[in-house]
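Letter by letter, the chains look like this.
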Amino acid sequence: MNTKSDKSPDAFNLSGKVAIITGSSKGIGASIAKTLAEHGASVVISSRKQKAVDKLAEELQSEGLNVKACECHVGQKADLEKLVNFAKEEFGGVDILVNNAGINPVYAPLSEMSDVAYEKIMNVNLKACLILSNLCYPIMKERGGGSVINISSVEGLKTSPGLSVYSISKAGLNMLTQSQAREWGQDNIRANAICPGLIQTKLSSAIWQNESVHNAFIDKLPLKRIAQPEEISNLALFLASDASSYCTGSIITADGGYMLAG
């Protein structure tokens, strides 16, 4: 029997909430931006190129969604500060932060990893998340709470050939998430991480556009398919909303069973 009252609030309603999403001009980030905005949030989308975020913002605004665009290179602290100030000026604050921007420019073993490549990966995938979260923390605290969502990876839970430094950065992001949850819970700020498996985006096109590679990969997965960006954005919606009000410090896989496949 359904005992839910017609007057019960929608736990997924984000009306009155402000979200910042990094790396959100395309792929998973763009999907998260649209999903959160569709559920009532005012959303700041950001990426390295203003032209790219302007294009997405115009598309979402044409659908009646409350979205603004701000260019931001997450590897530059001044840009992160600009991003937070933009959210305050345009929407009055920050309630939801999605640290989605990430890179992996080098596929190489540890013995061949240059200092420059290591620092670039760690700065974008880990350090930027710490800095931006710390910038948003006092704003969330003043507003009575918030949600930090770190987009990690299943590669942060295991290691694959050529991805060792990327895996190190994502493993660090998982621990950052749990440290944030432990320290900020008393301020009603929750922190959770999503570890996607293979998602059908431009970044992973080398795998899913190659039929033999694609088939070999999905053959190992219990669900026998790769995911669409919406399957991550819906999980982000859960973590951003009151539907997950008792979830903090969680490292959630969305991988079609990849971690079971060995």
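Moving on: the overall build of the protein. Summing up its helical and strand segments, the protein has eight helices and seven strands in all. Its C-alpha atoms give the protein a radius of gyration of 18 Å, within 12% of the compact-globule value 18 Å for 262 residues. Along the first, second and third principal axes, the C-alpha atoms of the protein reach 50 × 50 × 40 Å. A buried classification covers 49% of the 262 residues belonging to the protein. When contacts within the protein are restricted to residue pairs at least 6 apart in sequence, those whose partners lie at least 24 apart make up 72%. Accessible area of the protein: about 13200 Å², with a carbon and sulfur share of 51%. Of the charged side chains in the protein, 25 are positive and 26 negative; the average position of the first set lies 1 Å away from that of the second.

The bond known as a disulfide is covalent and runs between the sulfur atoms of two cysteines. Applying the stated criterion across every chain yields a total of zero disulfides. You can see Cys-129 has no disulfide; the closest cysteine sulfur is in Cys-72, sitting 11 Å from it. Cys-129 sits in the buried class, given a relative accessible area of 2%. With no disulfide of its own, Cys-136 lies 10 Å from the sulfur of Cys-72, the closest cysteine sulfur.

All right, on to the pattern of salt bridges then. Inspection of every chain in the model, using the stated rule, returns five salt bridges. Two residues, Lys-34 and Glu-63, come together in a salt bridge whose shortest N-O distance is 3.8 Å. Here Lys-34 is found in helix α1 (residues 27-38), whereas its partner Glu-63 is found in the loop between α2 (50-61) and β3 (67-71), with 29 residues between them in sequence. A relative accessible area of 45% means that Glu-63 is categorised as partly exposed.

A positive phi angle, close to 65 degrees, is found at Asn-188, a residue other than glycine. Relative to the helices and strands, Asn-188 resides in the loop between α5 (164-184) and β6 (189-196). The phi torsion at Lys-224 lies on the positive side, around 60 degrees, for a residue other than glycine.

Take the sheet that holds strand β7 (residues 251-254) next. Ordered in space as β3-β2-β1-β4-β5-β6-β7, the seven strands form an open sheet in which the pairing is parallel. Unpaired on one side and paired on the other, β3 and β7 mark the two borders of the sheet. Each strand axis lies, on average, 20 degrees off the axis of its neighbour in the sheet, ignoring direction. Here strand β5 (residues 146-151) runs beside β6; their pairing, made up of six bridges, is parallel. By the bridge assignment for β6, Ser-147 is matched with Arg-190.

This part is about the environment of Lys-77. Tracing the sequence through the fold places Lys-77 in helix α3 (residues 77-91). Between the C-alpha atoms of Lys-77 and Gly-64, which are 13 residues apart in sequence, the distance is 32 Å.

Before going further, it helps to examine the confidence of the model for the protein. Taken over all residues, the pLDDT of the protein has a mean of 94, while the share at 70 or more is 96%. Here residues 1-8 is a poorly scored stretch, pLDDT under 50, and it has zero contacts once near neighbours within four places are set aside; other chains count.

Another point: helix α4 (residues 115-142). In this model, α4 (28 residues) spans 39 Å end to end at C-alpha, consistent with the 40 Å of a helix rising 1.5 Å per residue. The largest bend along α4 measures about 45 degrees and falls at Asn-123. Where α4 ends, the next residue or the one after it, Gly-144, has phi of about 95 degrees, a positive value.

To continue, consider the packing of aromatic side chains. Within this structure, the stated rule accounts for two aromatic pairs. Their ring planes at 20 degrees and their centres at 4.7 Å tell us that Tyr-137 and Trp-184 sit as a pair that is stacked. Taken together, the positions of Tyr-137 in helix α4 and Trp-184 in helix α5 put the pair 47 residues apart, joining distant regions of the chain. The exposure class of Trp-184 is buried, given its relative accessible area of 7%.

Another point: the nonpolar core. Core analysis: the largest hydrophobic core is formed by 32 residues, its most contacted members being Leu-36, Val-43 and Ile-45. Listed in part, the 27 residues of the second largest apolar core include Phe-91, Ile-131, Cys-136 and Met-140.

Another point: the packing of α1 against helix α8 (residues 230-240). It is the contact of α1 with α8, at a shortest axis distance of 8 Å, that shows an interaxial angle of 50 degrees. When the axes of α1 and α8 are compared, the pair comes out oblique. α8 is crossed by α1, and the crossing has right-handed handedness. On the side of α1, the interface is formed by Ile-28, Ser-31, Ile-32, Thr-35 and Leu-36, while α8 contributes Glu-230, Ile-232, Ser-233, Asn-234, Ala-236, Leu-237 and Ala-240. In terms of residue class, the contact of α1 with α8 is built from seven nonpolar, four polar and one charged.

Analysis parameters
- Numbers given for residues are sequential positions, taken from 1 along each chain in its written order.
- With the structure being a predicted model, the display of local features is reserved for residues of pLDDT at least 70 and the display and counting of side-chain atom pairs for 80 or more, all residues being used for whole-chain, interface and lining totals.
- For side-chain calculations, the full set of non-hydrogen atoms in the structure is used, while hydrogens and water are omitted.
- Counting from the N terminus, the helices are the DSSP runs of H or I reaching at least four residues and the strands are the DSSP runs of E reaching at least two.
- As defined in this context, the radius of gyration uses C-alpha atoms, and a globule is described by 2.2 Å times the residue total to the power 0.38.
- Under the scheme applied here, a residue whose accessible area is under 20% of the maximum for its type counts as buried, over 50% as exposed, and between as partly exposed, the area being computed with a 1.4 Å probe on protein chains only.
- It only takes one pair of heavy atoms within 4.5 Å for two residues to be counted as in contact.
- The Shrake-Rupley method, run with a 1.4 Å probe sphere, supplies the accessible areas, and residue values consider only the shown protein chains as cover.
- Positive residues here are Lys and Arg, negative ones are Asp and Glu, while His and the chain termini are left out of the count.
- Here the site of a charge means atom NZ of a Lys, CZ of an Arg, CG of an Asp or CD of a Glu.
- For the purposes of this analysis, a disulfide is any pair of cysteine sulfur atoms at a distance within 2.5 Å.
- Salt bridge, as used here: a side-chain nitrogen of Lys or Arg that lies within 4 Å of a carboxyl oxygen of Asp or Glu.
- When DSSP finds two or more bridges between a pair of strands, those strands are recorded as paired.
- Note on definitions: angles span 0 to 180 degrees between N-to-C directions of axes, and those axes are lines fitted to C-alpha atoms, for helices only across the stretch in contact.
- pLDDT gives the predictor's per-residue confidence on a scale running from 0 to 100.
- Each residue after the first adds 1.5 Å to the expected span of a helix.
- Across the chain, bend at a residue is computed as the angle between axes fitted to the seven residues ending at that point and the seven starting from it.
- A pair of aromatic rings is counted whenever rings of Phe, Tyr or Trp (Trp by its six-membered ring) have centres within 6.5 Å, and the orientation is called stacked for planes under 30 degrees apart, edge-to-face for over 60 and tilted otherwise.
- What is meant by a nonpolar core is a set of buried Ala, Val, Leu, Ile, Met, Phe, Trp, Tyr and Cys residues, joined one to another through side-chain atoms within 4.5 Å.
- The scheme is simple: roughly parallel for angles under 35 degrees, roughly antiparallel for over 145, roughly perpendicular for 65 to 115, oblique for anything else.
- A clockwise turn of the near helix away from the far one marks a right-handed crossing, whereas an anticlockwise turn of less than a right angle marks a left-handed crossing.
- Polarity classes work like this: nonpolar for Ala, Val, Leu, Ile, Met, Phe, Trp, Tyr, Cys and Pro, charged for Asp, Glu, Lys and Arg, and polar for all others, with Gly in that last group.

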